[in-house]
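Close look at the chain arrangement
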Amino acid sequence: GAGVSQSPRYKVAKRGQDVALRCDPISGHVSLFWYQQALGQGPEFLTYFQNEAQLDKSGLPSDRFFAERPEGSVSTLKIQRTQQEDSAVYLCASSRGTVQETQYFGPGTRLLVL
Amino acid sequence: EDQVTQSPEALRLQEGESSSLNCSYTVSGLRGLFWYRQDPGKGPEFLFTLYSAGEEKEKERLKATLTKKESFLHITAPKPEDSATYLCAVKGFEGSGGSNYKLTFGKGTLLTVNP
């Protein structure tokens, strides 16, 4: 079946511009995660949704970062007033259940802020 | 707080030269230890989940093992197509400084297999 998809794959933004990153999880998956991966580093947790409820947003770096999943499927990560330090790969993952389920990752969106 | 340290940072092997990657972890209660493979420009691809010390899992040339403090990813007779970054991650119990859903990753080991 289809895996996790993300769009756009690449995004170049001027500093101060707002961006929106989309994630389409595997159909029927309850849990959805956003991670940020800096160059040469492992992914770092940003936020977690169970269906449409955002249960944890403790990893979001600042109040410029906002995520939503209004209908419990597609999710959008929005970054307002982008800064150069926001440049990274943003990964989305989904899992069928919650606790011990395997997380399956999408290809990521590579964001470059100039 | 859950912590994961992977070593070495980079490993270069000749085709057919077996070796192991190490993942040391600190977690109050382990819900699972995960190994992923990541190719350049792609997202992590799931390989294995280990849940308790002594557990082993195999897939083709890869074998993952788990103790109470570390996990090893053994690569037997590697081929050039095994070249990738290998990521280790843990999931801990809620209330232990980790959570029972989010993954804490190490920085990865960049494996290069030369023909």
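Residues numbered from 1 in each chain as written. Chains lettered and ligands numbered in written order. Predicted model: local features only at pLDDT ≥ 70, side-chain atom pairs only at ≥ 80, totals over all residues. Heavy atoms only, no water.

Thoughts on the overall build of chain B
Filter applied, for reference: Strands here mean DSSP runs of E at least two residues long; helices mean DSSP runs of H or I at least four residues long; both are numbered from the N terminus. Radius of gyration here uses only the C-alpha atoms, and the compact-globule reference equals 2.2 Å multiplied by the residue count raised to the power 0.38. Burial classes: relative accessible area under 20% of the type maximum marks a residue as buried, over 50% as exposed, and values in between as partly exposed (1.4 Å probe, protein chains only). Here a residue-residue contact requires only that any non-hydrogen atoms of the pair lie within 4.5 Å. Residue-level accessible areas treat just the shown protein chains as cover; the underlying method is Shrake-Rupley with a 1.4 Å probe.
A tally of regular secondary structure across chain B gives 0 helices and 11 strands. Against the globule reference of 13 Å for 115 residues, chain B gives a C-alpha radius of gyration of 14 Å, in line with a compact fold. On the principal axes, the C-alpha backbone points of chain B span a range of 45 × 30 × 20 Å. For chain B, buried positions account for 49% of its 115 residues. For chain B, restricting intrachain contacts to residue pairs at least 6 apart in sequence, the fraction spanning at least 24 positions comes to 57%. Summed over its atoms, the accessible surface of chain B is roughly 5,500 Å², and 46% of this surface lies on carbon and sulfur atoms.

Regarding the overall build of chain A
What chain A contains, in helices and strands, is 0 helices and 11 strands. Counting helices and strands in the order they occur from the N terminus, chain A gives β-β-β-β-β-β-β-β-β-β-β. A globule of 114 residues ought to have a C-alpha radius of gyration of about 13 Å, and chain A, at 13 Å, matches this closely. Counting only residues that meet the buried cut, chain A has 46% of its 114 residues in that class. Of all intrachain contacts in chain A linking residues separated by at least 6 positions in sequence, the fraction that spans at least 24 positions is 53%.

Section: the pairing of strand 6 (residues 53–56) of chain A
Residue and element names in this part refer to chain A. Which entries qualify depends on this criterion: Two strands pair under a simple rule: DSSP has to find at least two bridges between them.
In this sheet, strand 6 lies alongside strand 5 (residues 44–50) in antiparallel orientation, the contact comprising 3 bridges. For Phe49, the partnering residue across the bridge sits in strand 6 and is Gln54. If you look at the hairpin formed by strand 5 and strand 6, you'll find 2 residues sitting between the two strands, and Asn51 has a positive phi there, around 55°.

Looking at the pattern of salt bridges
Put simply, the test is: Just to be clear on terms, a salt bridge is a Lys or Arg side-chain nitrogen sitting within 4 Å of an Asp or Glu carboxyl oxygen.
All chains considered together, the criterion is met by 8 salt bridges over all chains. For Glu101 of chain A, the salt bridge goes to Arg96 of chain A, with nearest N and O atoms at 3.5 Å. You can call Glu101 of chain A partly exposed: its relative accessible area is 26%. With a closest N to O distance of 3.1 Å, Arg37 of chain B and Asp39 of chain B form a salt bridge. Here Arg37 of chain B falls in the buried class, since its relative accessible area comes to 14%.

Brief notes about the interface of chain A and chain B
Definition in use: Buried area is a sum: the accessible area each of two parts loses on coming together, probed at 1.4 Å, counted once for each and added.
Tallying the contact residues gives 24 residues for chain A and 20 residues for chain B. Carbon and sulfur atoms make up 52% of the surface buried where chain A meets chain B, a total of about 1,800 Å² over both sides. At the boundary of chain A with chain B, the tally comes to 0 salt bridges. When residues of the side of chain A that touches chain B are traced back to their parent elements, those giving at least two are strand 4 (31–37), strand 5 and strand 10 (104–105) of chain A.

Some points on the sheet that holds strand 3 (residues 19–26) of chain B
Residues and elements named next belong to chain B. What counts here: Whenever a helix is involved, its axis is fitted only over the stretch in contact; in every case the axis is a line through C-alpha atoms, and angles between N-to-C directions fall within 0 to 180 degrees.
The 5 strands lie next to each other as 1-3-8-7-6, forming an open sheet whose pairing is antiparallel. With one partner strand each, in any of the chains shown, strand 1 (3–7) and strand 6 (56–59) form the two edges of the open sheet. Between one strand axis and the next, the sheet turns by 15° as a mean value, whatever way the strands run. Note: strand 3 against strand 8 (residues 70–75), 6 bridges, orientation antiparallel.

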